Amino acid sequence: MTPNEWLAIGMVIGFFAMMMVGVPVAISLAVSGFVAGMVGFGPMLFALLPARMFGVVSNYTLLAIPLFTFMGVMLEKSRVAEDMLDTIGRAMGGLNGGMGLAIILVGVLLGASTGIVGATVVTIGLLTLPTLLRRGYNKTVACGTICASGTLGQIIPPSLVLILLADILGQSVGSIFAAAFIPSLVLALIYVAYMLLLGWLRPDWVPAIPAEERALTSRAQLLKDMARSVLPPLLLVMAVLGSIIGGVAAPTEAASMGALGALLIAACARRLDWKTLKATLHGTLTISAMIFLILFCSQPFSLAFRGLGGEALVHELFTLLPGGELGAILFLMAVLFVLGFFLEWIEISYIALPMFLPVFIAYDTDLVWLGILVALNLQMSFLTPPFGWALFFLKGVAPPGISTKDIYIGALPYVFLQMLAVAVVFCFPQLATWLPAAIGW
């Protein structure tokens, strides 16, 4: 190994070391990249940095990030999500596990309309966890279902994860959205099957809502509530996704229409006021600024890593693995899973994936399929202890009787269910590749 390759390894170790002592992710990326690059090559290595920064700023597709974020935050701040959860909960409550099924379905709808894990987990946790406990739901099952359902927004399009993965992989956002559609439904169906199985095997853990309570709402009133609170967000999601996947609109254009649609839904529900708009703009700015800061600071890191020969080193490492292309994919999945215990999805996306990407380009791997496998894997990082963010979000709003241990134990079955979903898409690539090919992406 050359001195520069050792320096590339030291740069990665230095990044993780700074992360572990509490240095913000963006600063850790920039500092480790600049120091290693300056030591290895001097300032000439970063002559391309302004052009790379300008490429990020002028990337039209990335404009969809704040627009989709605005759409999701508006639906959350205007309490449209609360109405949706209440209505679906009443509709599904007659089954054993019915409230759990309702939470999963709401997670699908909120994931497609907001895509913001923190907002979804907090909203569902505040509204349903006390009710689930009062109705006799097992504590760990209730916690795990809320956390897992809240993370569905990371794989269901339009998702910020999918937009950034499309940029990293050099694929169109439309093709990634289309590829994620069926696997995201497969994952949701796996959750539904698990909840139905619990309702059959352990009905005392997931009891139905008493008939007396269900009788308080007539069927006509329930249908009216469904049309008022569930149908508008559903139509908005279908319009936004349909226009992107069908090739009618670019992701940025569809995102702008989604933001306008969220405003109209909030206005029709008489929830649009200055306070709501201000909170929505603040939330959008905070989330978007965090993403773009990390995106900017990852540029000197990736430039230094490539200049120091890190990519060639990674390629040589993969050639030592047995199994060729499939062995390399399995190794990547294992690395991403382990990193998910300690890092957020955005750091993993901009650190690990660019390091390994040239290997799969050399193998001529279907990058759309690989992107969906990565997205499903990254979703697990929200549920894996000790640093799963969905677990922290729920703990922050959980009643006093819920311990961190309850939340961790409740999340573990869903981690295994997500592993099952990754395995299904790995064994049946057509689940991810059929729809993009069918519509001509």
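Residues numbered from 1 in each chain as written. Predicted model: local features only at pLDDT ≥ 70, side-chain atom pairs only at ≥ 80, totals over all residues. Heavy atoms only, no water.

**Observations concerning the overall build of the chain**
Counting its secondary structure elements, the chain contains 22 helices and zero strands. Over its C-alpha atoms the chain spans a radius of gyration of 22 Å, differing by no more than 12% from the 22 Å that the globule rule assigns to 441 residues. Taken along its principal axes, the extent of the C-alpha atoms in the chain is 75 × 45 × 45 Å. Counting the 441 residues in the chain, one finds 54% classified as buried. (Helix = DSSP H or I, 4+ residues; strand = E, 2+ residues; numbered from the N terminus. Rg over C-alpha atoms; globule rule 2.2 N^0.38 Å. Buried < 20%, exposed > 50% of the residue type's maximum accessible area, 1.4 Å probe, protein only.)

**Digging into the environment of Gly94**
Its location among the elements puts Gly94 in the loop between helix H5 (80-92) and helix H6 (98-113). Residues Gly94 and Ala211 lie 117 residues apart in sequence; the distance between their C-alpha atoms is 7.3 Å.

**Comments concerning the nonpolar core**
Counting 149 residues, the largest nonpolar core has Phe68, Phe177, Phe360, Val374 and Leu383 as its most contacted members. Ranked by the residues each element gives to this core, the list is headed by helix H10 (residues 173-201), at 15 residues. When residues no more than four places from it in sequence are discounted, the contact partners of Phe360 are Phe318, Glu325, Ala328, Ile329, Leu332, Thr365, Leu367 and Leu370. (Core = buried A, V, L, I, M, F, W, Y, C linked by side-chain atoms within 4.5 Å. Contact = heavy atoms within 4.5 Å.)

**A short note on the packing of helix H17 (residues 324-339) against helix H18 (residues 345-362)**
Packed helix pairs are characterised by how far apart their axes lie and by the angle those axes make with each other. At their nearest, the axes of H17 and H18 sit 11 Å apart, and the two run at 170 degrees to each other. As the angle between them shows, H17 and H18 are arranged roughly antiparallel. Two secondary-structure elements touch here, H17 through Glu325, Ala328, Ile329, Leu332, Val335, Leu336 and Leu339 and H18 through Ile348, Ala352, Phe356 and Phe360. (Axes fitted to C-alpha atoms, helices over the stretch in contact; angles between N-to-C directions. Parallel < 35°, antiparallel > 145°, perpendicular 65-115°, else oblique.)

**Brief notes about the environment of Leu263**
Assignment of secondary structure puts Leu263 in helix H14 (residues 251-268). The partly exposed category is assigned to Leu263, whose relative accessible area is 24%. Expressed as a C-alpha distance, the spacing of Leu263 and Met71, which sit 192 residues apart in the sequence, is 7.8 Å. Excluding its chain neighbours within four sequence positions, the residues that come into contact with Leu263 are Phe70, Met74, Leu272 and Leu277.

**What to know about unusual backbone geometry**
Residue Arg270 is not a glycine yet carries a positive backbone phi of 60 degrees. Relative to the elements of secondary structure, Arg270 occurs in the loop between H14 and helix H15 (274-307). For Asp364, which is not glycine, the phi torsion reads 60 degrees and is therefore positive. Take Asp364: its relative accessible area is 68%, and that puts it in the exposed class.

**Focus: the packing of aromatic side chains**
Taken as a whole and judged by the stated rule, the model has six aromatic pairs. Considering the side-chain rings of Tyr191 and Tyr414, the 5.1 Å spacing of their centres and the 85 degrees angle between planes classify their relative orientation as edge-to-face. One end of the pair, Tyr191, is in helix H10; the other, Tyr414, is in helix H21 (residues 404-427), and 223 residues separate them in sequence. The same class applies to Tyr191 as to Tyr414, namely buried. Their ring planes at 45 degrees and their centres at 6.5 Å tell us that Phe292 and Phe296 sit as a pair that is tilted. (Phe/Tyr/Trp six-rings, centres within 6.5 Å; stacked < 30°, edge-to-face > 60°.)

**Let's talk about helix H8 (residues 139-150)**
Since the α-helix turns once every 3.6 residues, residues separated by three or four places project in the same direction. Between its first and last C-alpha, H8 extends 17 Å over twelve residues, near the 16 Å set by a 1.5 Å rise per residue. When you tally the buried positions in H8, you get ten out of twelve residues, the bulk of the element. Residues Val141, Ala142, Cys143, Gly144, Thr145, Ile146, Cys147, Ala148, Ser149 and Gly150 constitute the buried set of H8. (Expected span 1.5 Å × (residues − 1).)

**Quick notes on helix H13 (residues 231-245)**
Between its terminal C-alpha atoms H13 stretches 21 Å, which fits the 21 Å expected from 15 residues at 1.5 Å a residue. Among the residues of H13, Pro233, Leu236, Val237, Val240, Leu241, Ser243, Ile244 and Ile245 are the ones counted as buried. One or two steps after H13, the chain reaches Gly247, where phi turns positive at roughly 80 degrees.

**Focus: a nonpolar patch on the surface**
Together, Ile27, Val31, Val35 and Val39 make up a nonpolar patch on the protein surface, roughly 340 Å² of accessible area in all. With respect to the secondary-structure elements, Val39 resides in helix H2 (residues 25-40). (Patch = residues over 30% accessible without salt bridge, like charges linked within 9 Å, V, L, I, M, F, W, Y side chains within 5 Å. Areas by Shrake-Rupley, 256 points an atom, 1.4 Å probe, with all protein chains shown as cover. Salt bridge = Lys/Arg side-chain N within 4 Å of Asp/Glu carboxyl O.)

**Quick notes on the pattern of salt bridges**
Scanning the model with the defined rule gives three salt bridges in all. Residue Asp204 is joined to Arg202 by a salt bridge in which the shortest nitrogen-to-oxygen separation is 3.2 Å.

**Some details on the side chain of Asp225**
Counting through the fold element by element, Asp225 comes out in helix H12 (residues 219-229). Excluding anything up to four places from it in sequence, Asp225 contacts Thr87, Arg90 and Val230.

**Details of the side chain of Gln299**
You can see Gln299 is positioned in helix H15. Under the relative-accessibility criterion, Gln299 is labelled buried at 9%. Once residues within four sequence positions are removed from consideration, Gln299 is found in contact with Leu49, Arg52, Met53 and Val56.

**Some words on the state of the cysteines**
Tallied over the full model, the rule gives zero disulfides. Among the cysteines around Cys147, which has no disulfide bond, Cys143 carries the closest sulfur, lying 6.7 Å off. Residue class for Cys147 comes out buried when judged on its relative accessible area of 0%. (Disulfide = S-S within 2.5 Å.)

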